[in-house]
Amino acid sequence: MEIRKEHPQYRRALRALQTGGSLPPAIKIQGNKANPQYQAIGRALKQIMPDRRVIEPFGGAAGLSLGMRPQEALLMDINPDLASFHQRLINDPDSLSFEPETFTYEAGDSVMMPNPNTGEMMDLGTVPQSLVDEMGGDPFFMGPKFYELRQEFNELRRKEGEGVISQRERQRKDQLFLVLQHMSMNGLLRYSPKTPDLFNRWAGSLRFTGNKPIQPSFESAYFDLMEGQKNRLKPGTGNTFRPQKLLGGRGRWDLSPWSEVMQGWEYRDRPLDEQLESDIELNPAKDLFLLDPPYLGEEGALDFFTMDDQQRTLALLEGLSDAGFPTVVFNSFAPDVVDPIRNMGFDIHELQRKETSGGKGAVRGRKSELLGMSNIDQDAFQNAWNMMNQGN
């Protein structure tokens, strides 16, 4: 039986690199536009406007640009973790490469977990060889490792915010960001407090796949050490002390396919109000804007993005449209968003997507979504899009 190797999406990315197809994002976050529907839209846009620089004010995981694969792209985001990771991915991908054992358990490793009240590390015991054998020799982790790495990541973010982080520590922080995304529930980027700056904690929660039983020795050690303290965990429930395999299996994580496609791209850490400063030279005849903001009114959207921010996004759209820039926008199909964009003269399309990022089944299902376009030939786009859909 062949063992799946490297980054979980490496083989798909390498195949796309070799065939000229759309690459999946290197990190998994909510709304990353990796669905074939969005990739078909991107390829259709590239077909009718092949030589334009793509500008994404809400760069996120770069899913739209990776779908299009332009020669030049400028991506921006308010999230410094996304910007730092992608800057390294573009400029120094080898420094993101690692052996999965670096962030998982091996026999004899201490199982350390931060005290949820004080942050002090608690030693819960040692990983036995029998557990390694039970996991088939594949890299694996449990909740304690996730919370240990999350605390380290937040401490490095604090040091970066204070300007006292070393280059080696910054490299470690970007690696942790990559690995924690693949350990987190639905890849959601959540911060506490809500705004994703370097002085707020990244608060992603633990993902769980598989059916391995709770490890009683580590669980009992945790509850013994937490006796008499505030504690949200309950014995015998949850996934904190269940082992699970790290996505991707064995093999060194390699991000070279993404880096090769992204040569000639930039990714900047920049809030919405500062994105179109004078240091960015713009040309309606050469640039294409793709806007994919946090969706209005949807569970799991970055809830620091208020209605005022939606209004600022609408103002940006109007300015770009009036200046003649080809502009594409995605958002929820809510009247508060759709009506103003329609009134600006945008062509409106209603997409359907399967929602899978909600934490509860009640918020999942199929949802309507806005695709708005301005200064783009709709007949040419529709013909190209139909051709892309026929090829899927």
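Residues numbered from 1 in each chain as written. Predicted model: local features only at pLDDT ≥ 70, side-chain atom pairs only at ≥ 80, totals over all residues. Heavy atoms only, no water.

**Q** Requested: an account of the overall build of the chain, with residues and values cited.
**A** Regarding its fold elements, the chain presents 12 helices and 13 strands. On C-alpha atoms alone, the chain measures out to a radius of gyration of 22 Å, which is about the 21 Å that the 2.2 N^0.38 rule sets for 392 residues. With the C-alpha coordinates aligned to their principal axes, the bounding extent of the chain is approximately 65 × 45 × 45 Å. Here the chain holds 392 residues, and 53% of them are scored as buried. Contacts in the chain between residues at least 24 apart in sequence constitute 72% of all its contacts with a sequence separation of at least 6. If you average the places of the 45 positive and of the 55 negative side-chain charges in the chain, the two averages end up 5 Å apart. (Helix = DSSP H or I, 4+ residues; strand = E, 2+ residues; numbered from the N terminus. Rg over C-alpha atoms; globule rule 2.2 N^0.38 Å. Buried < 20%, exposed > 50% of the residue type's maximum accessible area, 1.4 Å probe, protein only. Contact = heavy atoms within 4.5 Å. Lys, Arg positive; Asp, Glu negative; His and termini not counted. Charge placed at Lys NZ, Arg CZ, Asp CG, Glu CD.)

**Q** Residues and numbers for the pattern of salt bridges, please.
**A** The full count for this structure, using the stated rule, is 19 salt bridges. The partner of Glu160 in a salt bridge is Arg170, with the nearest N and O atoms 3.2 Å apart. Residue Glu160 is located in helix α6 (residues 143-161), and its partner Arg170 is located in helix α7 (residues 167-181); the two are separated by 10 residues in the primary sequence. Taken together, the shared-partner salt bridges in this structure form one network comprising Arg88, Glu160, Arg170, Lys173 and Asp174. (Salt bridge = Lys/Arg side-chain N within 4 Å of Asp/Glu carboxyl O.)

**Q** Go over the environment of Gln229, please, and point to the residues and values.
**A** One can find Gln229 in the loop between α8 (216-225) and β8 (244-245). For the pair formed by Gln229 and Gly20, sequence separation is 209 residues and the distance between their alpha carbons is 56 Å. Not counting residues within four places of it along the chain, the set of residues in contact with Gln229 comprises Asn115 and Asn117. In this structure the side chain of Gln229 is engaged in a polar contact, spanning 2.9 Å, whose partner is the side chain of Asn115. (Polar contact = N/O pair within 3.5 Å; in protein donor to acceptor, adjacent residues only side chain to side chain.)

**Q** An account of the pairing of strand β3 (residues 110-114) is requested, with residue identities and associated values reported.
**A** Bridging between β3 and strand β4 (residues 121-126) involves four bridges; their strand directions are antiparallel. Residue pairing in the sheet places Pro114 in a bridge with Met121 of β4. Count of turn residues in the β3/β4 antiparallel hairpin: six residues, of which Gly119 carries a positive phi of about 85 degrees. (Pairing = 2+ DSSP bridges.)

**Q** Could you give an account of the packing of α6 against α7, with specific residues and numbers?
**A** As a packed pair, α6 and α7 sit with axes 9 Å apart at the nearest point and diverge in direction by 135 degrees. Taken as axis vectors, α6 and α7 run oblique relative to one another. Where α6 crosses over α7, the two elements pack in a sense that is left-handed. Residues Phe146, Leu149, Arg150, Glu152, Phe153, Leu156, Arg157, Lys159 and Glu160 of α6 form the contact with α7, whose own contacting residues are Glu169, Arg170, Arg172, Lys173, Leu176, Phe177, Val179 and Leu180. For the contact of α6 with α7, the class distribution of residues is eight nonpolar, no polar and nine charged. (Axes fitted to C-alpha atoms, helices over the stretch in contact; angles between N-to-C directions. Parallel < 35°, antiparallel > 145°, perpendicular 65-115°, else oblique. Left-handed = near helix turned anticlockwise from the far one by under 90°. Nonpolar A, V, L, I, M, F, W, Y, C, P; charged D, E, K, R; others polar.)

**Q** Would you mind going over the side chain of Asn115 in detail, with residue names and values included?
**A** Secondary-structure assignment places Asn115 in the loop between β3 and β4. Classification of Asn115 as buried rests on a relative accessible area of 7%. At 2.7 Å, the side chain of Asn115 and the backbone nitrogen of Asn117 are in polar contact. Looking at Asn115, its side chain comes within polar contact range of the main-chain nitrogen of Thr118, at 3.2 Å. Setting aside chain neighbours within four positions, we find Asn115 in contact with Glu120, Met122, Met226 and Gln229.

**Q** How would you sum up helix α11 (residues 335-343)? Please name residues and give values.
**A** All of the buried residues along α11 are Val337, Val338 and Ile341. One face of α11 carries all of its buried residues, which in axial projection span an arc of 90 degrees. Relative to its buried face, α11 has exposed residues pointing more than 90 degrees away, namely Pro335, Asp336 and Asn343. Phi turns positive, to about 100 degrees, at Gly345, one or two residues after α11. (Arc of directions from axis to C-beta.)

**Q** I'd like to hear about the packing of helix α10 (residues 307-322) against α11, residue by residue, with values.
**A** One way to put it is that α10 packs onto α11 with a least axis distance of 11 Å and a crossing angle of 20 degrees. Overall, the two elements α10 and α11 adopt an arrangement that is roughly parallel. In this structure, the crossing between α10 and α11 has a hand that is right-handed. In this structure, α10 uses Met307, Gln310, Leu314 and Leu317 to contact α11, whose residues at the interface are Asp336, Val337, Pro340 and Ile341. Counted by class, the contact of α10 with α11 contains six nonpolar, one polar and one charged residues.

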